[in-house]
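Given next are the chains, with one letter for each unit.
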Amino acid sequence: MDEKDDQDRPLVPTFSGILSLLAEKSKGEESTWFPFIQILPKTFHTPLFWSPADLDELKGTSLHVSLEAQNISTLKELDYIRQQEKLLQRIFPSSDTDTPSTSQNLPKEIKTSDWLWAFSVFRSRHLKIENFLFMFPIVDLFNFANKANVDVIIEGEVVKLVAAKDILSGQPLHINDGLVGNRDLLDYYGFVIQDNIHDYYPVGIGLDNSDSLYMKKKGLFQRKGIKEGAVFPLQRLSVNQELIFALRIYHLSVYDFSEADNAFDGKMISVQNEYEVCNSLIDLCEASLEGLTHSIKSDNIMLNKKIPFKLRSAIRIRKAEKRILLANLKLAKQILEKVEEQWQYRSYDIPTGMKEEL
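Because the structure is a prediction, the values reported are computed rather than measured.

Turning next to the overall build of the protein. Each helix and strand counted, the protein has 14 helices and eight strands in total. Here the protein holds 358 residues, and 41% of them are scored as buried. For the protein, the share of sequence-separated contacts (at least 6 apart) that also reach a separation of at least 24 residues comes to 66%.

Applying the stated criterion across every chain yields a total of five aromatic pairs. With a centroid separation of 6.4 Å and 70° between ring planes, the pair formed by Trp 33 and Phe 36 is classed as edge-to-face. Phe 36 gets classed as buried once you look at its relative accessible area, which sits at 11%. Here Phe 245 and Phe 264 contribute two aromatic rings whose centre-to-centre distance is 4.9 Å and whose plane-to-plane angle is 70°, an arrangement assigned as edge-to-face. Of this pair, Phe 245 sits in helix α10 (residues 241-250) while Phe 264 sits in the loop between α10 and α11 (271-291), and the two are 19 residues apart along the sequence. Chaining the aromatic ring pairs together yields one cluster made of Tyr 188, Tyr 189 and Phe 191. When the ring centre of Phe 257 is taken as origin, the NZ or CZ atom of Lys 216, which lies over that ring, is 5.5 Å away. Its end group placed over the ring of Phe 264, Arg 223 keeps NZ or CZ at 3.8 Å from the ring centre.

Ranked by size, the top nonpolar core spans 35 residues in total, and within it Ile 205, Phe 221, Phe 232, Leu 234, Leu 243, Ile 249 and Leu 325 carry the most contacts. When contributions to this core are tallied by element, the ones reaching two or more residues are β7 (201-204), α9 (214-224), β8 (231-234), α10, α11 and α13 (309-342). Per element, the largest residue contribution to this core is eight residues, and it comes from α11. Not counting residues within four places of it along the chain, the set of residues in contact with Ile 205 comprises Phe 221, Gly 229, Ala 230, Phe 232, Leu 243, Ala 246, Leu 247 and Tyr 250. Of all hydrophobic cores here, the second largest spans 22 residues; its members include Leu 78, Trp 117, Phe 122 and Met 135.

Attention now moves to the confidence of the model for the protein. Per-chain confidence: the protein averages 83 in pLDDT, with 83% of residues scoring 70 or above. Of the regions scoring below 50 in pLDDT, residues 1-10 engages in 15 contacts with residues more than four places distant in sequence or in other chains. Across residues 95-103 the pLDDT falls below 50, and counting only partners more than four positions away or on other chains, this stretch makes eleven contacts in the model.

The next thing to look at is the pattern of salt bridges. Close approach of charged atoms allows side chains of opposite charge to pair. Taken as a whole, this structure holds 13 salt bridges when the rule is applied. Among the salt bridges present, the one from Asp 56 reaches Lys 59, with a minimum N-O distance of 3.6 Å. Of the charged contacts, one joins Lys 160 and Glu 155 as a salt bridge, the two residues approaching to 3.0 Å between their closest N and O atoms. With relative accessibility at 36%, the residue Lys 160 sits in the partly exposed group. One network of salt bridges, with partners in common, ties together Glu 57, Asp 299 and Arg 318.

The rules we used
Residues numbered from 1 in each chain as written. Predicted model: local features only at pLDDT ≥ 70, side-chain atom pairs only at ≥ 80, totals over all residues. Heavy atoms only, no water. Helix = DSSP H or I, 4+ residues; strand = E, 2+ residues; numbered from the N terminus. Buried < 20%, exposed > 50% of the residue type's maximum accessible area, 1.4 Å probe, protein only. Contact = heavy atoms within 4.5 Å. Phe/Tyr/Trp six-rings, centres within 6.5 Å; stacked < 30°, edge-to-face > 60°. Lys NZ or Arg CZ within 6 Å of the ring centre and 35° of its normal. Core = buried A, V, L, I, M, F, W, Y, C linked by side-chain atoms within 4.5 Å. pLDDT = per-residue confidence, 0-100. Salt bridge = Lys/Arg side-chain N within 4 Å of Asp/Glu carboxyl O.

The following block contains the structure:
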């Protein structure tokens, strides 16, 4: 990588935080943050540290796919940073030009184990203020719960912890990090919650740039506030209306484009369009279910046994995803039946070529 690439490449905010943490840790007792760093966890239960055998229990889940990509990108960034002395000097500038850059506080060779430790610490404990990521001592020590009794309020550079309800003496304090499903709780924090109502299955929708209607569809996405390549959460107890909107736009043709505004009102664009939307969702659910080879019944049997934490966590993830996919598959098939009933009443004829495709 040449000097220009080194100077121009933006560094992911998380990695800036990781390097800052490693720099402070390398100072030892000389660091202002030494007492705080000493109480940070030394080990983690996140899948990043699982054995291949443990990870195999997650096969077929959306989390398993994202973990493979995450592991590759994390180590790629480490390899890149190891080679960029100028980058380190830019991240840790010295206020005194006669004093060596604080990048000297980093080990000459950043160990993979240290990098993964810092990555896990910062990733699981940072807060976001505007476009910056920070770690706040004390705040990061609070336990998580979906039913929190403490609110975290960020006002400028000040973080306030405010009781959300009356708290009895000796009662544990919990904060809520948002509506978080088990796949994210396990990935970021290394634990799961039984019967987590916020569990979801991520579905990405990307427009085909070879489509003659690509720019018009992109404009409709932008009008709705949807970014290209957006990921939509499928949940078991509710329908993701933004996903349905995205699929309706994705399947727009020149024959029903004039009715595109119906999608903004949550309405069907055309019978043909809705037919394709339902079949897309059905195909997606069926294809995803093929990878989840364990039945819900067998998973329930295992959960009633005394099993290791990692296996129990993996089972909860794959069981939740299977239930979500089955619920959405059932719903899509029910809607498809109603759409097929309206087929004979469609307002225009489908071109012969499109009939053959269907």
